[in-house]
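# Coordinate inspection notes
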Amino acid sequence: MTQVAILNAGGQQVLGFVTLRHAIGMLYRQVARVHEAVPGETFGPYPVPRSVELVRYLYTKWIYEATGKLPYSREGVLRRDRRLCGYCGRSADTVDHILPRSKGGKTSWVNCVAACWPCNNRKADNTPTQAGMVLLVKPRVPTLQEIGPSLRRRK
Ligand SMILES: [Zn+2]
């Protein structure tokens, strides 16, 4: 039976191998997408995959289950903060490093917060205190459920 490689989101790392049938099931459930296909071969509506790439959420889940740690992601910060700016509460689509990277701040769950563009721009390369801004939230490591795909809550 043909084995199909499962790759991480991004496709740089082989996480394991599954049967072709299992891989097609993953495509059908939209938990993975084709990374590399066998040219000219199809399985129903799908190209026959040589390798599939997990969608980012499942990669996160995979790492979490293997290591107990939730890998940082920008999208995860926005989801944790419900896309609301940590400084003014308005709608946010950027992520701010509370202690700026230039001052040794890490890209981590506790040093990053959702921020609207005007606040992010105003704060620039300063700490909140230096910028005269108040952080309204206390950033923390989210749960897997908080950053999970909001559209897949159907049972
Ligand atoms: Zn703001």
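See the structure printed just above.
Below is a summary of the structure that appears in this document. (Residues numbered from 1 in each chain as written. Predicted model: local features only at pLDDT ≥ 70, side-chain atom pairs only at ≥ 80, totals over all residues. Heavy atoms only, no water.)

### So, the packing of aromatic side chains
Inspection of every chain in the model, using the stated rule, returns one aromatic pair. Taking the centre distance of 5.4 Å and the plane angle of 55° together, the rings of Tyr72 and Trp109 count as tilted. In this pair, Tyr72 is assigned in the loop between helix H2 (56–67) and helix H3 (74–80) and Trp109 in the loop between strand E5 (94–97) and strand E6 (112–115), connecting sequence segments 37 residues apart. (Phe/Tyr/Trp six-rings, centres within 6.5 Å; stacked < 30°, edge-to-face > 60°. Helix = DSSP H or I, 4+ residues; strand = E, 2+ residues; numbered from the N terminus.)

### Observations concerning the coordination of the zinc ion
Within the protein, the zinc ion binds to Cys85 (SG), Cys88 (SG), Cys116 (SG) and Cys119 (SG); these donor distances fall in the range 2.3 Å. If you look at the zinc ion, its four donor atoms make angles of 101 to 116° with each other, and the shape they trace is tetrahedral. Along the chain, the residues that donate to the zinc ion are spaced as C-x2-C-x27-C-x2-C. (Donors = N, O, S within 2.8 Å, 3.2 Å for Na, K, Ca; no water. Tetrahedral: all angles 85-135°; square planar, octahedral: opposite > 155°, others 65-115°.)

### Remarks on the pattern of salt bridges
With the rule as written, the count across this model stands at seven salt bridges. With a shortest N-O distance of 2.8 Å, Arg140 and Glu146 are connected by a salt bridge. Here Arg140 falls in the partly exposed class, since its relative accessible area comes to 39%. For Glu146, a relative accessible area of 29% puts it in the partly exposed group. Among the charged side chains, a network of salt bridges with common partners joins Glu75, Arg79 and Arg83. (Salt bridge = Lys/Arg side-chain N within 4 Å of Asp/Glu carboxyl O. Buried < 20%, exposed > 50% of the residue type's maximum accessible area, 1.4 Å probe, protein only.)

### Some points on the side chain of Lys123
Among the secondary structure elements, Lys123 is positioned in helix H4 (residues 117–123). Within the structure, the side chain of Lys123 is placed 2.9 Å from the backbone oxygen of His97, a separation counted as a polar contact. At 2.9 Å, the side chain of Lys123 and the backbone oxygen of Asn126 are in polar contact. In contact with Lys123, not counting residues within four places along its chain, are Tyr87, Asp96, His97, Ile98, Pro100, Pro128, Ala131 and Met133. (Polar contact = N/O pair within 3.5 Å; in protein donor to acceptor, adjacent residues only side chain to side chain. Contact = heavy atoms within 4.5 Å.)

### Here's the deal with unusual backbone geometry
If a residue is not glycine, its phi is most likely negative; likewise, a peptide bond is most likely trans. Of note in the backbone geometry, Gln30 takes a positive phi value of approximately 60° without being a glycine. Its identity as a non-glycine residue notwithstanding, Arg83 has a phi of 55°, on the positive side. On the accessibility criterion, Arg83 (35% relative accessible area) is partly exposed.

### Concerning the sheet that holds strand E1 (residues 3–7)
The strand order E2-E1-E4-E3 describes an open sheet built from four strands, whose pairing is mixed. Two strands close off the open sheet at either side, each with one partner strand: strand E2 (14–19) and strand E3 (32–43). Direction aside, neighbouring strands of the sheet carry axes that sit 30° apart on average. Its contacts with the sheet put helix H1 (residues 20–28) on E1, E2, E3 and strand E4 (46–54), and the angle it makes with E4 is roughly 75°. Those strands touched by H2 are E1, E2 and E4, and its axis lies near 50° from that of E4. (Pairing = 2+ DSSP bridges. Axes fitted to C-alpha atoms, helices over the stretch in contact; angles between N-to-C directions.)

### Regarding the pairing of E4
It is a general feature of regular strands that their side chains alternate between the two faces of the sheet. Looking at chain direction, E1 and E4 are connected through three bridges and run parallel. For Ala5, the partnering residue across the bridge sits in E4 and is Ser51. Two strands pair when backbone bridges link them, and E3 and E4 are joined in this way by seven bridges, in the antiparallel orientation. Within E4, the residue paired with Ala37 across the bridge is Pro49. Between E3 and E4, which pair antiparallel and follow one another directly, the connecting turn spans two residues, one of which, Gly44, has a positive phi of 60°.

As far as function goes, none of this settles anything; it's purely spatial.
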